[in-house]
Amino acid sequence: MVLCLSCLAPVSAHEAHTEYVASELAVSVTSDTQGRVWLARARKGQVWVSSSADAGQHFGKEVAVNATPMKVAADAEARPKIAVAANGYIYLSWTESLKKPYAGYIWFARSVDDGKSFETPYIVHQDRAEITHRFDALQVAADGKITVAWIDKRDLLAAKAAGKTYEGAAIYYAVSTDQGKSFAPEQKLADSSCECCRIAMTSKPDGTVAVLWRHVFAGNERDHAMAEIGQSAAPAIVRASYGHWKIDGCPHHGAALAVGEGFGYHLAYFDGAGDKPGLRVARMDGEAWVTSPPRKIGDPKKNAGHPALLSIGEKVWLAWREHNTEGMDIVAMTSLDGGKTWSLPVTLAHTAARLDYPQWLNLRGQVVLAVSSADKGLLVIPAPL
């Protein structure tokens, strides 16, 4: 094993630390058009949803999404996801861990009555083999289209059965165009993804959905790849980072992604290559693709990692987690010029207890950072100006 500087657990070539025990620290948050904060968490085999009308200071009664308990993956890179559409419908996705090692199903549920109740959940994918379908990501585009993507090992197993080699896993996705009533049959987005890093997703105003993942390139280089799922053309896979990090294992460290103003995307990620591993932030473009060299951010001696991004016009917010023997911090930077230059880092939260990964929220123009803490519950902090 190789020690991963980005996480407390060691890198593993065979997912040795991916059999999760549900943690209430691992939550997902989102906001709606009314400025409310919505929170999803797993507890005792069920996914629970609650909302706050006062910027996360107080939450209403939790509502169970799945009536039948199951083993819900909820820790670190895996956790239930929540999104709210413009029409107020609430969507949830999550991974059920199955009996076989590393096997899972991706579930989906929706509420059409403002979170008062949830319809019967169902499995998104048609493939029901007891294999890896894990680390789901959920995105609702401006046109109402719902995309769920996940890491899938059906092609790895097929290759092994045929006596062929296959690096990593694959990325599959499914799309709903009827507000979550059903999903079209899943499609493969890419072969050779990393096995255990979270998938980042965002969408453009025209409904194009962008997917970013850690990829296994030739020579076992675990950099990032990206594809856009548009209205018609088949997604084209492009390389999005060039650290050339060669590692025989999964770092368990997914990236962050946000749409740029007048160009492609903002990208933040962990790169372990060379003698200066750590976080990077860069501007990406769909044509030239790399429009700025990656900038090093965070303190690698404090295990800086698990970044979050939010972009509104020319303003961009970036946050990440750091930890050492004194506790954990959430550190943030802002850019006023579309990521060309950045402010000095500021510490937004500190605790001697555990902190989850940071998440940005836009509450009707008020940007806040949300992070789950072991000692104080969900912290909602105004963003630096």
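For the structure, check the block above.
Residue numbers here run from 1 along each chain, matching the order of that chain's written sequence. Selection of residues for local features in this predicted model requires a pLDDT of at least 70, selection of side-chain atom pairs for listing and counting requires 80 or more, and totals for whole chains, interfaces and linings are taken over all residues. To obtain the side-chain values, all non-hydrogen atoms of the structure were included, while hydrogens and water were left out.

A. Representation of the nonpolar core within the structure. The biggest cluster of nonpolar side chains holds 26 residues, and the ones touching the most others in it are Leu189, Ile199, Met201, Val211 and Trp213. Looking at this core, the elements that each hand over two or more residues are strand E9 (133–140), strand E10 (146–152), strand E11 (169–176), strand E12 (187–193), strand E14 (209–214) and strand E15 (224–229). Contacts of Met201, omitting those with residues within four sequence positions, involve Ala137, Leu138, Gln139, Thr147, Ala149, Val209, Ala210, Val211 and Leu257. Among buried residues, those of type Ala, Val, Leu, Ile, Met, Phe, Trp, Tyr and Cys that are joined through side-chain atoms within 4.5 Å constitute a nonpolar core. Residue exposure (1.4 Å probe, protein chains only): buried if accessible area is under 20% of the type maximum, exposed if over 50%, otherwise partly exposed. If you look at the next biggest cluster of nonpolar residues, it comprises 22 residues, including Val49, Met70, Ile82 and Val84. Helical segments are the DSSP runs of H or I of at least four residues, strand segments are the runs of E of at least two, and each set is numbered from the N terminus. The contact criterion used throughout is that any non-hydrogen atoms of two residues lie within 4.5 Å.

B. View of the sheet that holds strand E24 (residues 346–351). A strand pair is defined by DSSP finding two or more bridges across the two strands. Spatially, four strands are ordered E21-E22-E23-E24 in an open sheet, and the strand pairing comes out antiparallel. A single partner strand is all that each edge strand has here, and the edge strands are strand E21 (305–312) and E24. Strand-to-strand, the axes of this sheet are offset by a mean angle of 20°, without reference to chain direction. As judged from the six bridges shared by E21 and strand E22 (residues 315–324), these two strands associate in the antiparallel manner. In this analysis, axes come from line fits to C-alpha atoms, helices being fitted only over the stretch in contact, and the angle between any two N-to-C directions falls in the range 0 to 180 degrees.

C. Here's a closer look at the environment of Lys145. Mapped onto the elements, Lys145 comes out in the loop between E9 and E10. Note: C-alpha distance between Lys145 and Thr208 (63 residues apart in sequence) is 9.5 Å. Every residue in contact with Lys145, bar those within four places of it in the chain, is listed here: Gln139, Val140, Val175, Ser176, Gly207, Val209, Ile229, Gly230 and Gln231. For the purposes of these results, a polar contact is taken to be a pair of N or O atoms within 3.5 Å, where, inside protein, one atom must be able to donate a hydrogen and its partner to accept one; residues adjacent in sequence count only when each atom of the pair is a side-chain atom. A polar contact of 3.2 Å, which involves the side chain of Lys145, links it to the backbone oxygen of Gly207.

D. A look at unusual backbone geometry. At Ala76, a position not held by glycine, the phi torsion is positive, near 55°. With respect to the secondary-structure elements, Ala76 resides in the loop between strand E4 (63–64) and strand E5 (81–84). Among the residues examined, Ala76 registers a relative accessible area of 25% and is labelled partly exposed. Phi at Gln179 is positive, roughly 60°, even though this residue is not glycine. One can find Gln179 in the loop between E11 and E12. With a relative accessible area of 35%, Gln179 lands in the partly exposed category.

E. Region of the structure containing the environment of Val84. Inspection of the secondary structure puts Val84 in strand E5. C-alpha separation for the pair Val84 and Gly144, spaced 60 residues apart in sequence, amounts to 10.0 Å. The residues contacting Val84, other than those within four sequence positions of it, are Thr30, Ser31, Asp32, Trp38, Tyr89 and Ile90.

F. Quick peek at the state of the cysteines. When the sulfur atoms of two cysteines come within 2.5 Å, that pair is taken as a disulfide. One pass over the structure, following the stated rule, counts zero disulfides. Among the cysteines around Cys250, which has no disulfide bond, Cys194 carries the closest sulfur, lying 3.4 Å off. Relative accessible area serves as the criterion here: at 1%, Cys250 is assigned to the buried category.

G. Examining the pattern of salt bridges more closely. The rule for a salt bridge is simple: a side-chain nitrogen of Lys or Arg has to be within 4 Å of a carboxyl oxygen of Asp or Glu. Tallying each qualifying case throughout the model produces 16 salt bridges. Linking Arg239 and Asp223 is a salt bridge whose minimum nitrogen-to-oxygen distance equals 2.5 Å. Here Arg239, found in strand E16 (residues 238–239), pairs with Asp223, found in the loop between E14 and E15; they are 16 residues apart in sequence, far enough to count as distant. As far as the burial class goes, Arg239 and Asp223 line up, both buried.

H. Looking closely at the sheet that holds strand E13 (residues 200–203). A sheet is described by the order of its strands in space; here four strands give the open sequence E13-E14-E15-E16, paired in antiparallel fashion. Across the chains shown, the open sheet's two edge strands, defined by having one partner strand only, are E13 and E16. Bridge count between E14 and E15: six bridges; the pairing is antiparallel. Bridged to Leu212 within E15 is Met226.

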